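Chain and residue survey
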Amino acid sequence: MPVAEPPRVAILAEGQLARQTAKTAIGVIRYAPYPVVAVIDSVRAGDDAESAIGVGKGIPVVATVDEAIARGATVVLIGTAAPGGRIADADRGHLSRALESGLTVWNGLHERVLADPALRAAAEHGGGHVRELREPPADLPIGGHRERRRGTHVVLTVGSDAAVGKMTVALELVRALERAGKRAAFVATGQTGIAIAGAGIAIDAVVSDFVAGAAERMVCDAAESADWVLVEGQGSLTHPGFSGVTLGLLHGSAPDRLILCHDASRTEVKGFPGLPLKPLRELVRIYESAAAWSRPDGARIPVVALALNTSALDAAAAARATDAAARETGLPTADPVRDAGGADRLAKAVVG
């Protein structure tokens, strides 16, 4: 039986190719196992991806889908997130051209591509296909009834806020555990993680009654072939908009250990000016308490390490932030991307 060719991906980031707006593009370029052949952004055309977002040296930024096709693209991935999860108007022409050309579009937004009559017509005319990364399975159970394989360990990344790097930390820990000779697996719970891993369930698109069941299913399935299961966290328990999905994932994944992730440059909750982030020591207490709510009396689910995102700080400020966080919490602390050996130190704290 012939082996399927890996996708050759062009990332669509029209007018939005920047660190703050191209989170999916950054994650896919950094971690995906398939080639990214181009980024589409007519505003930055002629650059390479690294010059705009800090990763992707040598990946060209082109102006059109046709240029991406000329570089071998078979897939166009929407690499940015618009407010409300809508497809940006600036993206629709590019998506239409991709579908007319018979390409596959990967969409991680809440709005479905083929709900747009013009895009549906383009797909029908050109034979293009759509993969909706946020489409959950239809047969999800209510959680709390399934035990995973005995001897496995589940680690969940949790956050001081939304968009602090929980997926990145989970992926870096998988790599570090594998370097240490452990069998480790990544459980994707968001659209970018699914685009990277090729499987998963976007928890924020699941009906609330089934969030825990979706997490439980993914963890139990991953535990069949891995001893260490790293679950990508979502949102934050203290974020006014996203706390519900965080709690459902926390209880459904039933972790044994937690890694607290924090963007060291932030002082306020994302999207809520004037609402300060809670102190790290208090966040440790909050997460450990909430994790135990659905467990027998006396259970403790510890936060074993603190993963910092220091990408917005210079080297001296990053070092000060790391030292301060470690003193405040008493936990092993590192930036797993920036610090040499940082991911390995965090993995050591996970294993114990």
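Details of the structure are given in the entry above.
What this report covers is the structure whose coordinates are included nearby.

**Thoughts on the sheet that holds strand 8 (residues 184-187)**
One open sheet accounts for six strands, arranged 8-9-7-10-11-12; its pairing is parallel. Looking along the sheet, the strands with just one partner apiece sit at the ends: strand 8 and strand 12 (333-334). The pairing of strand 8 with strand 9 (residues 228-231) spans four bridges and is classified as parallel. Bridge pairing in strand 9 places Val187 opposite Val231. Strands in contact with helix 9 (residues 243-253) are strand 7 (153-159), strand 9 and strand 10 (257-263); relative to strand 7, the strand with the most contacts, it is inclined by about 170°. Set on the sheet, helix 12 (residues 342-351) makes contact with strand 7, strand 9, strand 10, strand 11 (303-309) and strand 12; between it and strand 11 the angle comes to about 165°.

**Quick look at the sheet that holds strand 5 (residues 104-107)**
One open sheet holds the six strands; their spatial order is 3-2-1-4-5-6, and the pairing between them is parallel. Two strands lie at the open edges of the sheet, namely strand 3 (61-62) and strand 6 (129-132), each paired on one side alone. The pairing of strand 2 (residues 36-40) with strand 3 spans two bridges and is parallel. Note on strand 3: the bridge partner recorded for Val39 is Val61. Across the sheet, helix 4 (residues 89-100) is in contact with strand 1 (9-12), strand 2, strand 4 (75-78), strand 5 and strand 6; its angle to strand 4 comes to roughly 160°.

**A look at the pairing of strand 11**
Summarising burial for strand 11: seven of the seven residues are buried, a large majority. Pairing geometry for strand 10 and strand 11, over six bridges, is parallel. Among the inter-strand pairings, Ile259 is bridged to a residue of strand 11, identified as Ala305. Pairing of strand 11 with strand 12 involves two bridges; the strand directions are parallel. Within strand 12, the position partnered with Ala307 by the bridge is Ala334. Taking the sense of rotation as the criterion, the β-α-β connection linking strand 11, helix 11 (residues 315-329) and strand 12 turns out right-handed.

**Examining the nonpolar core**
Judged by nonpolar contacts, the single largest core of 54 residues is most densely connected at Ile11, Val28, Ile29, Val39, Ile53 and Ile259. The dominant element in this core, judged by the number of residues it contributes, is helix 6 (residues 166-179), at eight residues. Beyond its immediate stretch of four places on either side in the chain, Ile53 contacts Leu17, Ala18, Arg19, Ala22, Ile26 and Ile29. Formed by 42 residues, the second largest nonpolar core is a distinct cluster that contains Val154, Ala185, Val303 and Leu308.

**Structural notes on helix 5 (residues 117-126)**
Every α-helical turn comprises 3.6 residues, leaving residues that sit three or four positions apart pointing alike. Those residues of helix 5 that fall on the buried side of the exposure criterion are Leu119, Ala122 and Ala123. Projection of helix 5 onto a plane perpendicular to its axis shows the buried side chains occupying an angular sector of 100°, all on one side. Turned more than 90 degrees away from the buried face of helix 5 sit Pro117, Ala118, Glu124 and His125, all of them exposed. Where the residues of helix 5 are buried, they touch helix 4. The N-cap residue of helix 5 is Asp116: its side-chain oxygen and the backbone nitrogen of Ala118 are 2.8 Å apart. A positive backbone phi angle near 85° is found at Gly127, which sits one or two residues after helix 5.

What counts and how
- Residues numbered from 1 in each chain as written.
- Predicted model: local features only at pLDDT ≥ 70, side-chain atom pairs only at ≥ 80, totals over all residues.
- Heavy atoms only, no water.
- Pairing = 2+ DSSP bridges.
- Helix = DSSP H or I, 4+ residues; strand = E, 2+ residues; numbered from the N terminus.
- Contact = heavy atoms within 4.5 Å.
- Axes fitted to C-alpha atoms, helices over the stretch in contact; angles between N-to-C directions.
- Buried < 20%, exposed > 50% of the residue type's maximum accessible area, 1.4 Å probe, protein only.
- Right-handed = clockwise from strand over helix to strand, strands pointing away.
- Core = buried A, V, L, I, M, F, W, Y, C linked by side-chain atoms within 4.5 Å.
- Arc of directions from axis to C-beta.
- Polar contact = N/O pair within 3.5 Å; in protein donor to acceptor, adjacent residues only side chain to side chain.

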